[in-house]
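What follows is each chain in one-letter form.
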Amino acid sequence: MFRKALILTVADAFSNPEMIKGWRGQNTEDGFCGNQLLGMAKSNTSDAKVLIRSLRSAYAATPISLKIIDLYVVYAITTAVIQVVYMGIVGSFPFNSFLSGVLSCVGTAVLAVCLRIQVNKENKEFKDLPPERAFADFVLCNLVLHLVIMNFLG
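Going by what an unreviewed UniProt entry lists, the protein is known as Dolichyl-diphosphooligosaccharide--protein glycosyltransferase subunit DAD1 and is assigned to Musa balbisiana. In its Pathway (unreviewed entry) section, the UniProt record describing the protein reads: "Protein modification; protein glycosylation."

A. Layout of the UniProt feature "transmembrane region" (unreviewed entry) in the protein. UniProt feature "transmembrane region" (unreviewed entry): in the numbering of this structure it lies at residues 71–89, 95–115 and 135–153. The span residues 71–89 shows a helical share of 100% and a strand share of 0%, and its end C-alpha atoms are spaced 27 Å apart. The distance separating the terminal C-alpha atoms of residues 135–153 is 27 Å; by composition the span is 100% helix and 0% strand.

B. Main features of the packing of helix 6 (residues 95–119) against helix 7 (residues 131–153). Look at helix 6 against helix 7: their axes get within 10 Å of each other, and the N-to-C directions meet at 170°. By the angle between their axes, helix 6 is roughly antiparallel relative to helix 7. Partitioned by chemical class, the residues of the contact of helix 6 with helix 7 number 14 nonpolar, nine polar and one charged.

C. Summary view of the state of the cysteines. Under the counting rule described, the total for this entry stands at zero disulfides. Cys-141 forms no disulfide, and the closest cysteine sulfur to it belongs to Cys-114, at a distance of 8.1 Å. Note on Cys-141: relative accessible area 38%, which makes it partly exposed.

D. Layout of the pattern of salt bridges. One pass over the full model with this rule turns up two salt bridges. Notably, a salt bridge pairs Asp-70 with Arg-116, separated by 2.5 Å at the nearest N-O pair. Here Arg-116 lies in helix 6 and Asp-70 lies in helix 5 (residues 64–90), a separation of 46 residues in the sequence. Classification of Asp-70 by relative accessible area gives buried; the value is 17%. Taking the shortest distance from any N to any O, the salt bridge between Arg-133 and Asp-137 comes out at 3.3 Å. Separated by four residues within a single helix, Arg-133 and Asp-137 lie in helix 7, roughly one turn from each other.

Thresholds, definitions, all that
Just so you know, the residues in each chain are numbered from 1, in the order the chain's sequence is written. Selection of residues for local features in this predicted model requires a pLDDT of at least 70, selection of side-chain atom pairs for listing and counting requires 80 or more, and totals for whole chains, interfaces and linings are taken over all residues. Based on all heavy atoms of the structure, the side-chain values leave hydrogens and waters out of the count. UniProt positions are given in the numbering used here, feature names are shortened, and annotations may be inferred rather than shown by experiment. Elements are defined by DSSP. Helices are runs of H or I of four residues or more, strands are runs of E of two residues or more, and each kind is numbered from the N terminus. Interaxial angles span 0 to 180 degrees and are taken between N-to-C directions of axes, which are lines fitted to C-alpha atoms, for helices over the stretch in contact. Here roughly perpendicular refers to angles of 65 to 115 degrees, roughly parallel to angles under 35, roughly antiparallel to angles over 145, and oblique to all remaining angles. Put simply, Ala, Val, Leu, Ile, Met, Phe, Trp, Tyr, Cys and Pro go in the nonpolar bin, Asp, Glu, Lys and Arg in the charged bin, and everything else, Gly too, in the polar bin. The term disulfide is used for any two cysteine sulfur atoms that are within 2.5 Å. To sort residues, take the accessible area from a 1.4 Å probe on protein chains only and compare it with the maximum for the residue type: under 20% means buried, over 50% means exposed, and anything in between is partly exposed. A carboxyl oxygen of Asp or Glu within 4 Å of a side-chain nitrogen of Lys or Arg is what we treat as a salt bridge.

Below you can see the structure in the form of structure tokens.
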């Protein structure tokens, strides 16, 4: 029963009444129709391809400055993941150092996402905020963040 509930999503059930018939046991002994599963799989892969294609075309129109900020966020998160993996392999003897490093990376990534939101021209909330002011806020908040992290190191 749980397997059937996982495969049949609520959206598919409301949009395709024929699928409900197959789910209730009219096509096979256990109430599961293989043809409908195959159709759902083809539908899901084509939907995923369309989604990826639309995201790729939308990201191609993104300005270079926002792409650079995105790259910086990916770098910061990757550095945090590397530190967590290193801690898992080697150990966490100076635990304050580990926490400081990871929190520094994650905090910097969060501040960079805030910068990206403020610099984006399509965002209506920050249209009156000049990009120079947003960058100054980013630098000042990073300075405060890293001062707190240096203090946490001990």
